[in-house]
Amino acid sequence: MNKLSAVSDWILFAGFSIAVLSMPVWLAPFGADYPDLMQRFAIFGLFAIGFNILFGLTGYLSFGHAAFLGIGSYAAVWSFKLLTMNVLPAIMLSVVVAGVFAFAVGYISLRRSGIYFSILTLAFAQMSYNLAYSVLTPITNGETGLQLTLSDARVIDGIAGIEVTRTLPFTNLFGLKMSGMPGFYFCAVVLIIGFFISIRIFRSPFGTMLKGIKSNQTRMAYTGLNTRPYLLWAFIISGMYAGLAGALMAVTDPLAGAERMQWTASGEVVLMTILGGVGTLVGPFLGAAFIKYFENIFSAYNSTNLNQVFDFLPDGIQAVAVDVAGLFVGSGWHLTLGLLFMVTVIFLPGGIMEGVRRLGLLVTGKSKKNKAPAAGSSSTANEHS
Amino acid sequence: MSKKTTSAWSRRDVLKASAASTAIAGAPLFFTRHAYGAEYLNNPGSNSTVTLGFNVPQSGAYADEGADELRAYKLAVKHLNGEGDGGMMNTMQPSSLKGNGILGKKVEYVTGDTQTKSDAARASAKRMIEKDGVVMVTGGSSSGVAVAVQSLCQDAGVIFMAGLTHANDTTGKDKKANGFRHFFNAFMSGAALGPVLKNAYGTERNAYHLTADYNWGWTQEQSIQASTESIGWSTAQKVLTPVGAGDFSQYITPILNSGADTLILNHYGKDMINSLTQAIQFGLRDRQVDGKDFQIIVPLFSRLMAQGAGDNIKGIFGSTNWHWSLSDAGSQAFVKSFGQEYGFPPSQAAHTCYVQTLLYADAVERAGTFEPCEVVASLEGHKFDGLGNGPTEYRAGDHQCFKDVLVVKGKENPSSQFDLLEIVEVTPRAQVEYPVDHEMFAGGDLGTCNNGV
């Protein structure tokens, strides 16, 4: 049994890695094969995977994870400004800072569970947002967002003798520019590492303990176990994932804005996880990719595109069709997303992953095992998005 | 849980190797995607079309301005492609535009929603550059967004033609070689308003600032404070308010006890509509402080905001880049063709965006190429007329347009729902001009232009 699940995990991991690294190929038919969007798939996938370690395993719903994302971004941009444009120190700094902050927030919030925990985390996130937005403006530059300037110190770069030019330096990994496709591959590799760690956590005794907390925390306590440290670690780890995602956002685009910490951003990662499938390994990534695809592709549709789509219809009907469809694209993409979210939650409470599982059942007739889906299914699922 | 065996490790190595080789084998295909035959990014080459990116706020506090900007862009594309009546293309001098697109290529466009957020705006601009292959991005309505997108365009290597952005920073400390601004700025507002305020309200006033908390608000507050203090006014207090706050009452009550007799609202869009309406509901304008009538000033005014604020704007002073009631040939031609298309007159946001599109197209025609560095060279120092603001110059030193500034006042007896502002004074260019290294604009560097390859 153990051995079998280990093998299927490796297959899942391999399939996931190949699917992620080959995104530029199979995303082309969907018009999503441009670096910026693929970077977002990887970054928010990582964010959701980390969130799932807390929400999926322990059932504790944090409504404030965007705060860690934002803190990670600010830490990374400050590292670019003060130390070096190399991305590795920035990433390390972000993960550490986000981890420390997660410890502080988690230590207090985890005194309560259920809705009170959610509200506490939400309160912390809103506090961080408001601090970043209008109180700590010397550190965060408020609404304008923290940006690089020519006059930044960049101490390590200075010592290393990197010449100061009249144009802004770019973020790099030992000279390799971290925007465009190299930036995507970098994010993809980090995502794959993050995914691997997530599998290990799911299968570890620690992960089993967390699942125990989810199914019945009181019983866990009766066995003489102190559940708080486990919860706190899960919270810190998922906070570090969020910090890492925030750092990657700054790596691919060195700018940090307070809106990354807003409650809508916190809500978004909850949506991603639920849409993809709570507690599954691949689900959160699929949910993240799904939402980001909608946000970037549907919001860009305008009446010209729609006219092309409905070109085959007669003139009068075409105008009506364009008007009606126009409500659901462009600035109305939230409407489409909301409808799809409702449909998913009502008919597929387990998210996209449940849909994949049901499809699998349909195809194979009777399943041998109703365990986590195999590797190939990740690409099948994406064809829906 | 002793599932890890030695065989698992070897399997891992195999997987690692296969994943790595996939990446390495696949990588060259994508690194080189844009590399063929391009001496600049998104070269349209022999395509019959060229794509421009219109990145405007379609949601958030500045959505009204964004919607009007988009209308203007669409109209400009129409005119460039030789459809419609040509609008200001007929009055622009000098003009190399032929009405057959740009360099014979039909103009197409893509749109994006900035959500009035730097992050979303950059994501949307990146999509335009990476996916849609635009050669120029334009748009605005928030200076925070404009500065963020301008620096993105500089790094990516496309031209940025700023839409409505009024902060000094856009062509001050955050100026970029690939970015150009036609709109006026906060310093110019201050310089134009000063003398008018002195005439209207005298030299002994105590001003209270409510300021939108981002780079535009900061620089406007600074500019207006400098200008009012130079005519002898004092400054009671300066309070920062978050953008999109909706309810400003908590910021307005303290004014009543501050001893100030003048309120300066450094707000824009829906924020200005809300704060002004609430200030008047609180009875500020009916008050008397030390025998002086309480006055409100809105340094950056627009007709769209005036429309939103209704009767509340009557008698309030402000400045604006352009107003549809101007009687020069360019303005009239633009108002006519905009009116025919949409049924109402354009706002100043629409005007500046329309003009920017035409100026870009004209610069490309004169340069004979879309190559960003050539376009930059042809825009720098360019002098033109007939676009509604009189003789105008794109200063080479900071890529800011210099032209006359309008001081306006809310009309007491409007003749229509659009006739809300009256022009009090046209401040000549010489009075609002400043050196490139003026202290409110210092600290930046244009850098060198970037072709993106």
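Quick caveat, the model's predicted, so the values are computed rather than measured.

All names here are of chain B. In the structure shown here, the tally under the stated rule is one disulfide over all chains. One disulfide bridge connects C373 with C449, the sulfur atoms lying 1.9 Å from each other. Disulfide C373-C449: torsion about the S-S bond near 110°, hence right-handed. Remark: C449 occurs in the segment after α13 (429-432) and C373 occurs in helix α12 (residues 372-379); sequence separation between them is 76 residues. A residue is classified by how much of its surface remains accessible, and C449, at 29% relative accessible area, is partly exposed. Here C153 stays free of any disulfide, with the sulfur of C373 as its closest cysteine sulfur at 14 Å. Cysteine C353 is unpaired, with the sulfur of C401 as its nearest cysteine sulfur at 13 Å.

What follows deals with the nonpolar core. All names here are of chain B. With 217 residues, the main nonpolar core has L263, L358 and Y360 as its most contacted residues. For this core, the domains that each give at least three residues are domain 1 (49-184 + 324-403) and domain 2 (187-320). Every residue in contact with Y360, bar those within four places of it in the chain, is listed here: L52, V135, M136, I159, M161, F370 and V375. Ranked by size, the runner-up nonpolar core spans 16 residues in total, among them M128, V134, V137 and F160.

Here we take up the packing of helix α13 (residues 263-276) of chain A against helix α14 (residues 283-297) of chain A. Helix packing geometry: the angle between the two helix axes and the distance between the axes. Residue and element names in this part refer to chain A. The interhelical angle for the contact between α13 and α14, taken along N-to-C directions, is 120°, at an axis separation of 7 Å. Looking at the two axes, α13 sits oblique to α14. As α13 packs across α14, the resulting crossing turns out to be right-handed. Note on element contacts: α14 touches α13 through G283, P284, G287, A288, F290, I291, K292 and E295, opposite E268, L271, M272, T273, L275 and G276. Split by residue class, the contact of α13 with α14 holds seven nonpolar, four polar and three charged.

A few words now on the interface of chain B and chain A. Chain B puts 47 residues into the contact, and the matching count from chain A is 50 residues. For the pair chain B and chain A, the number of links is four salt bridges. Among the salt bridges present, the one from D253 of chain A reaches K126 of chain B, with a minimum N-O distance of 4.0 Å. At the surface where chain B touches chain A, the tally comes to seven residue pairs in polar contact (both at pLDDT 80 or more). Sorting the residues of the side of chain B that touches chain A by element identifies α1 (6-31), β2 (106-113), α3 (118-130), α4 (143-156) and α6 (215-230) of chain B as the ones contributing at least two each. The leading source of residues in the side of chain B that touches chain A is α1 of chain B, at 10 residues. Looking at the side of chain B that touches chain A residue by residue, the class counts come to 18 nonpolar, 11 polar and 18 charged.

Attention now moves to the sheet that holds strand β16 (residues 405-410) of chain B. Working definition: the strands of a sheet are paired by backbone hydrogen bonds and lie parallel or antiparallel to each other. All names here are of chain B. The seven strands are arranged β7-β6-β8-β11-β12-β16-β17 in an open sheet whose pairing can be described as mixed. This sheet does not close on itself; its edge strands, each paired only once, are β7 (234-241) and β17 (421-427). Taken pair by pair, the neighbouring strands of this sheet meet at an average axis angle of 20°, ignoring direction. Across six bridges, β16 lies against β17 in antiparallel orientation. In the sheet register, L406 faces β17, and the bridge partner there is V426. Strands in contact with helix α5 (residues 186-201) are β11 (295-300), β12 (317-320), β16 and β17; relative to β12, the strand with the most contacts, it is inclined by about 150°.

On to the packing of aromatic side chains. Applying the stated rule across the entire model yields 37 aromatic pairs over all chains. Aromatic pair Y293 of chain A and F294 of chain A: ring centres 6.5 Å apart, planes at 75°, arrangement edge-to-face. With centroids separated by 4.0 Å and ring planes inclined at 10°, the aromatic side chains of Y434 of chain B and F441 of chain B adopt a geometry described as stacked. Per residue, the accessibility class of Y434 of chain B equals that of F441 of chain B, and both read buried. Each residue in the set W322, F334, F338, Y342, F344, Y354 and F418 of chain B is aromatic and connected to the rest through ring pairs, giving one cluster. Stacked on the ring of F170 of chain A, the Lys or Arg K177 of chain A has its end atom at 5.0 Å from the ring centre. Seen from the ring of F44 of chain A, K292 of chain A lies directly overhead, with NZ or CZ sitting 4.0 Å from the centre.

On to the domain arrangement of chain B. Residue and element names in this part refer to chain B. You can read the domains of chain B as domain 1 (49-184 + 324-403) and domain 2 (187-320). Of the residues lining the interface, 27 residues belong to domain 1; the matching set on domain 2 comes to 23 residues. Both faces combined, the contact of domain 1 with domain 2 buries some 2000 Å², and carbon together with sulfur accounts for 57% of it. Where domain 1 touches domain 2, the interface holds zero salt bridges.

This part covers the pairing of β11 of chain B. Strand residues, when the strand is regular, have side chains that alternate between the two faces of the sheet. Residue and element names in this part refer to chain B. Across the six residues of β11, six count as buried, placing the element largely inside the fold. Relative to β11, strand β8 (residues 262-266) runs parallel, the two being bridged by three bridges. Bridged to T262 within β11 is Q295. Inspection of the sheet shows β11 paired to β12 by two bridges, in the parallel sense. Bridge pairing in β12 places L300 opposite S319.

The next subject is helix α17 (residues 333-347) of chain A. One turn of an α-helix holds 3.6 residues; hence residues three or four places apart share an orientation. Residue and element names in this part refer to chain A. The terminal C-alpha atoms of α17 lie 21 Å apart, and with 15 residues this matches the ideal 21 Å at 1.5 Å per residue to within 8%. Among the residues of α17, W333, T336, L337 and T344 are the ones counted as buried. Buried positions in α17, seen along its axis, are confined to an arc of 95° and lie on one side of it. Packed against the buried residues of α17 are α13, α14 and α18 (351-364).

Glancing now at a nonpolar patch on the surface. Residues and elements named next belong to chain A. A cluster of nonpolar side chains, L327, L335, L339, M342, V343, I346 and F347, forms an exposed patch at the surface whose accessible area comes to about 720 Å². Secondary-structure assignment places F347 in helix α17. Here F347 falls in the exposed class, since its relative accessible area comes to 57%.

The subject of this paragraph is the pairing of strand β3 (residues 136-139) of chain B. What you see with β3 of chain B is no split at all: M136 and T138 of chain B on one side and V137 and G139 of chain B on the other are buried throughout. At this point the chain moves from β3 of chain B, through α4 of chain B, to the parallel strand β4 (residues 159-162) of chain B, and the crossover so formed is right-handed.

All names here are of chain A. Two elements in contact, helix α3 (residues 35-58) and helix α9 (residues 180-203), have axes whose closest approach is 8 Å; the angle formed by their N-to-C orientations is 15°. By the angle between their axes, α3 is roughly parallel relative to α9. Seen along the crossing, α3 lies across α9 with a hand that is left-handed. Here the contact of α3 with α9 is built from residues that sort into 17 nonpolar, seven polar and no charged.

All names here are of chain B. If you trace the five strands from one edge of the open sheet to the other, you get β2-β1-β3-β4-β5, paired in parallel fashion. Both outer strands of the open sheet, β2 and β5 (179-181), are each paired with one neighbouring strand and no more. On average, adjacent strands in this sheet sit at an angle of 25° to one another, irrespective of strand direction. Bridge count for β3 against β4 is four bridges, and the pairing is parallel. Bridging from a neighbouring strand, G139 pairs with A162 of β4. α3 rests against β1 (49-56), β2 and β3 of the sheet, and its axis sits at about 150° to β2. Against the sheet, α4 touches β1, β3, β4 and β5, its axis set at about 160° to β4.

Basis of the calculations
Residues numbered from 1 in each chain as written. Chains lettered and ligands numbered in written order. Predicted model: local features only at pLDDT ≥ 70, side-chain atom pairs only at ≥ 80, totals over all residues. Heavy atoms only, no water. Disulfide = S-S within 2.5 Å. Helix = DSSP H or I, 4+ residues; strand = E, 2+ residues; numbered from the N terminus. Buried < 20%, exposed > 50% of the residue type's maximum accessible area, 1.4 Å probe, protein only. Core = buried A, V, L, I, M, F, W, Y, C linked by side-chain atoms within 4.5 Å. Domains from an automatic or database assignment. Contact = heavy atoms within 4.5 Å. Axes fitted to C-alpha atoms, helices over the stretch in contact; angles between N-to-C directions. Parallel < 35°, antiparallel > 145°, perpendicular 65-115°, else oblique. Left-handed = near helix turned anticlockwise from the far one by under 90°. Nonpolar A, V, L, I, M, F, W, Y, C, P; charged D, E, K, R; others polar. Salt bridge = Lys/Arg side-chain N within 4 Å of Asp/Glu carboxyl O. Polar contact = N/O pair within 3.5 Å; in protein donor to acceptor, adjacent residues only side chain to side chain. Pairing = 2+ DSSP bridges. Phe/Tyr/Trp six-rings, centres within 6.5 Å; stacked < 30°, edge-to-face > 60°. Lys NZ or Arg CZ within 6 Å of the ring centre and 35° of its normal. Buried area = accessible area lost by both parts, 1.4 Å probe. Expected span 1.5 Å × (residues − 1). Arc of directions from axis to C-beta. Patch = residues over 30% accessible without salt bridge, like charges linked within 9 Å, V, L, I, M, F, W, Y side chains within 5 Å. Areas by Shrake-Rupley, 256 points an atom, 1.4 Å probe, with all protein chains shown as cover. Right-handed = clockwise from strand over helix to strand, strands pointing away.

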